[in-house]
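Structural features, examined
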Amino acid sequence: MNPQEPITRHSVLRQAWPLILANCSVPLLGLVDTAVLGNLGTLVDLGAIALGALIFSFVYWGFGFLRMGTTGFIAQAAGRGDGAEVRAVLIRSLLLALGIGVVITAVQIPLGAIAFGMLSGGEQVEDVARSYFEIRIWGAPATLGTFVLTGVLVGLGESRRLLLVQLFLNLLNILLDIYLAGHLQLGARGIAIGTLLAEWLAFIFALAIVARLLLRSRTDSEHWFVIERLRDRSSMLAILSANRDIMVRTILLVFSFAWFTNQSAIYGNDVLAANHILLQLISFSAFFLDGFAFVGESLVGQAIGARNLSLLDRAMRRTSEMAFATAVLLALLVFAFGQQMIDALTYLPEVRELAGGLLSFAAIYILLSFAAFQLDGIFIGATFTVQMRNASVVSAGIFLVSWWLLSARYGVEGLWWSFIIYVIFRAVALLLYFPQLRNSLR
């Protein structure tokens, strides 16, 4: 979105819907992999994919900061109209991502030993999962590089091009998986080979899109590779520092969700299963709310880069309005049709009953979570990452204290109330820093 273009609800929605579709396309791949092996593979293949995919989810999740850290710096450079710095941020971030990817590939033997030492499966399942791991690990540089290119497209407000990249990656992966695992009957190895090929081809495809975009929009006279900018030690340290802070924030976020899941297990397997299903509904809502947060990242970053307080206020107001309206709609849908959703996800009567009884908590969580999503996007766009890190420490601490006070007295309902308090304070803790963010433009 051009900073000079009026920020309206319509323009925000126009930029958000491709991001929402891109988010929703991600779980489709896992469903297809499961369907292919569930119908054409063996039980061992299916178990191996579940184990192997879990390992990569954790490995790659830990480096999600590469996307978020890139977005803010790209958006700010674009807001200043500094095309050479946009290219410099891209190259710095790509070098960092590819370097980390090469290291992951180089240490695959100890990494695999640690991962499989922490997880357990049957001997046959683990053997096939190791084969899956040993093939797919070679895609690490491409996957992390694509994280950076995604951050560039989000920062530039190129949501439709990002959707194109995601569709290319996932559709290609699906076709390769069907051909290799299904037609050639290579099982889990076929899934791994298909995913590896898709990761590298998608990286090349995304790199071509970003390079072409930057070439076409180039207005400066500086060389494409500005060596002096790449040697700028302070800029590289700023990227490393921001990535470190975002990584800490993300670890605490995942810890909090893991704590909620672990505490659910204390009340029995039926409660664990019920809460897991409700968390799927919450995760589904996140696909939509993340779309508006991504738009906020881009617009806020551009406002910071342009030193435009009015643009910052308009960006926050319009994206938050649309996110709030979406959260209300999602919460109402969950409240009204949540039982049907639960019934579609499980046939177990005791789990259906428990999840239905706790459904209102999930609806309340979804309704109130929009503020945390939006403020995350605003602070990422502004690269106020130290504040994000500090706020995540405070909110995680409040979550643990509220869990300790409420769960002992109110059981699983107390656990849910503490989870809702957590998402509220994720927003409150960031709001305390918001005046500082605005004042940075005065």
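Let us look at the structure shown here. (Residues numbered from 1 in each chain as written. Predicted model: local features only at pLDDT ≥ 70, side-chain atom pairs only at ≥ 80, totals over all residues. Heavy atoms only, no water.)

**Remarks on the overall build of the chain**
Looking only at helices and strands, one finds 17 helices and zero strands in the chain. Here the C-alpha radius of gyration of the chain, 22 Å, is about what a compact globule of 442 residues would show, namely 22 Å. With the principal axes as the frame, the chain shows a C-alpha extent of 65 × 50 × 35 Å. Here the chain holds 442 residues, and 53% of them are scored as buried. A sequence separation of at least 24 residues applies to 83% of the contacts in the chain between residues at least 6 apart. Accessible area for the chain stands at about 19,700 Å²; split by element, carbon and sulfur atoms hold 68% of it. (Helix = DSSP H or I, 4+ residues; strand = E, 2+ residues; numbered from the N terminus. Rg over C-alpha atoms; globule rule 2.2 N^0.38 Å. Buried < 20%, exposed > 50% of the residue type's maximum accessible area, 1.4 Å probe, protein only. Contact = heavy atoms within 4.5 Å. Areas by Shrake-Rupley, 256 points an atom, 1.4 Å probe, with all protein chains shown as cover.)

**Structural notes on the pattern of salt bridges**
Once the charged atoms of two side chains with opposite charge are near each other, the side chains can pair. Counted according to the given criterion, the structure contains twelve salt bridges. Arg438 is paired through a salt bridge with Asp313; the nearest N and O atoms lie 2.8 Å apart. Highlighted residues: Arg438 in helix α17 (residues 434-439) and Asp313 in helix α13 (residues 309-345), separated in sequence by 125 residues. Among the residues examined, Arg438 registers a relative accessible area of 19% and is labelled buried. (Salt bridge = Lys/Arg side-chain N within 4 Å of Asp/Glu carboxyl O.)

**Some words on the environment of Leu400**
Secondary-structure assignment places Leu400 in helix α16 (residues 385-431). When near neighbours in sequence (up to four residues on either side) are disregarded, Leu400 contacts Phe255 and Trp259.

**Things to note about a nonpolar patch on the surface**
Where nonpolar side chains cluster on the molecular surface, the patch consists of Leu368, Ile424, Phe425, Val428 and Leu432 and spans about 390 Å² of accessible area. Sort the elements by how many residues they give to the nonpolar patch and α16 lands first, with three residues. Residue position: Phe425 is located in helix α16. (Patch = residues over 30% accessible without salt bridge, like charges linked within 9 Å, V, L, I, M, F, W, Y side chains within 5 Å.)

**A word on the side chain of Gln76**
Its place among the elements puts Gln76 in helix α3 (residues 65-80). A residue is classified by how much of its surface remains accessible, and Gln76, at 10% relative accessible area, is buried. Contact partners of Gln76, with chain neighbours within four places excluded, come to Gly301, Gln302, Ile304, Gly305, Gly381, Ala382 and Thr383.

**What about helix α12 (residues 269-306)?**
A rise of 1.5 Å per residue sets the reference length of α12, with its 38 residues, at 56 Å; its end C-alpha atoms lie 53 Å apart and thus fit the reference within 8%. Of all the bends in α12, the largest measures some 30° and sits at Phe288. (Expected span 1.5 Å × (residues − 1). Bend = angle between axes of the 7 residues up to and from the residue.)

**Quick notes on helix α5 (residues 108-118)**
Since the α-helix advances by 3.6 residues per turn, residues separated by three or four positions end up pointing in the same direction. Regarding α5, the residues found buried are Gln108, Gly112, Ala115 and Phe116. An end-on view of α5 places all buried positions within 90° of arc, on one side of the element. Within α5, the exposed residues directed more than 90 degrees away from the buried face are Ile114, Gly117 and Met118. Looking at the packing, one finds that the buried side of α5 touches α2 (43-61), α4 (83-106) and α6 (123-136). (Arc of directions from axis to C-beta.)

**Describing the packing of α2 against α6**
With their axes 8 Å apart at the nearest point, α2 and α6 run at an angle of 45° to one another. Taken together, α2 and α6 sit at an angle that is classed as oblique. Classified by chirality, the crossing of α6 by α2 is right-handed. Facing Val44, Asp45, Gly47, Ala48, Ile49, Leu51, Gly52, Ala53, Ile55, Phe56 and Tyr60 of α2, the residues of α6 in contact are Gln124, Val125, Glu126, Val128, Ala129, Tyr132, Phe133 and Arg136. Considering only residue class, the contact of α2 with α6 consists of 13 nonpolar, three polar and three charged. (Axes fitted to C-alpha atoms, helices over the stretch in contact; angles between N-to-C directions. Parallel < 35°, antiparallel > 145°, perpendicular 65-115°, else oblique. Left-handed = near helix turned anticlockwise from the far one by under 90°. Nonpolar A, V, L, I, M, F, W, Y, C, P; charged D, E, K, R; others polar.)

**A word on the packing of aromatic side chains**
Tallying each qualifying case throughout the model produces 22 aromatic pairs. Seen in terms of ring centroids, Phe284 and Phe287 are 6.3 Å apart; in terms of plane orientation they differ by 80°. Their pairing is edge-to-face. You can see Phe284 and its partner Phe287 sitting in helix α12, three residues apart, about one turn around the helix. Judged by centre distance (5.3 Å) and plane angle (65°), the ring pair of Phe284 and Phe288 falls under edge-to-face. With Phe284 and Phe288 both in helix α12 and four residues apart, the pair spans about one turn of that helix. Phe284 sits in the partly exposed class, given a relative accessible area of 44%. Residue class for Phe288 comes out partly exposed when judged on its relative accessible area of 23%. Taken together, the aromatic side chains of Phe257, Phe260, Phe361, Tyr365, Phe399, Trp416, Trp417, Phe419 and Tyr422 make up a single cluster linked through ring pairs. Sitting over the ring of Phe56, Arg136 keeps its end group 4.6 Å from the ring centre. (Phe/Tyr/Trp six-rings, centres within 6.5 Å; stacked < 30°, edge-to-face > 60°. Lys NZ or Arg CZ within 6 Å of the ring centre and 35° of its normal.)

**So, the nonpolar core**
Among the nonpolar cores identified, the biggest contains 125 residues, and Leu278, Phe379, Trp416 and Leu437 are the most heavily contacted of them. Examining the composition of this core, we find that 17 residues originate from one element, α12, more than from any other. What Phe379 contacts, discounting residues up to four positions off in sequence, is Phe384, Gln387, Met388, Leu430, Tyr433, Phe434 and Leu437. Counting six residues, the second-largest nonpolar core is a separate cluster that includes Leu172, Leu176, Leu180 and Ala198. (Core = buried A, V, L, I, M, F, W, Y, C linked by side-chain atoms within 4.5 Å.)

**A closer look at the side chain of Ser369**
Tracing the backbone shows Ser369 in helix α15 (residues 359-381). Aside from chain neighbours lying at most four places away, what touches Ser369 is Leu289 and Val423.

**Focus on unusual backbone geometry**
In this model, Gln185 sits at a positive phi of 55°, which is unusual for a non-glycine residue. Mapped onto the fold, Gln185 is located in the loop between α8 (159-183) and α9 (187-216). On the basis of relative accessibility, which here comes to 66%, the residue Gln185 falls in the exposed class. Within the chain, Arg307 stands out as a residue other than glycine whose phi angle is a positive 55°. With respect to the helices and strands, the residue Arg307 is situated in the loop between α12 and α13.

**A word on the environment of Trp259**
Along the polypeptide, Trp259 turns up in helix α11 (residues 233-266). Trp259 sits 214 residues away from Asp45 along the chain, and the two C-alpha atoms are 30 Å apart. Once residues within four sequence positions are removed from consideration, Trp259 is found in contact with Phe399, Leu400 and Trp403.

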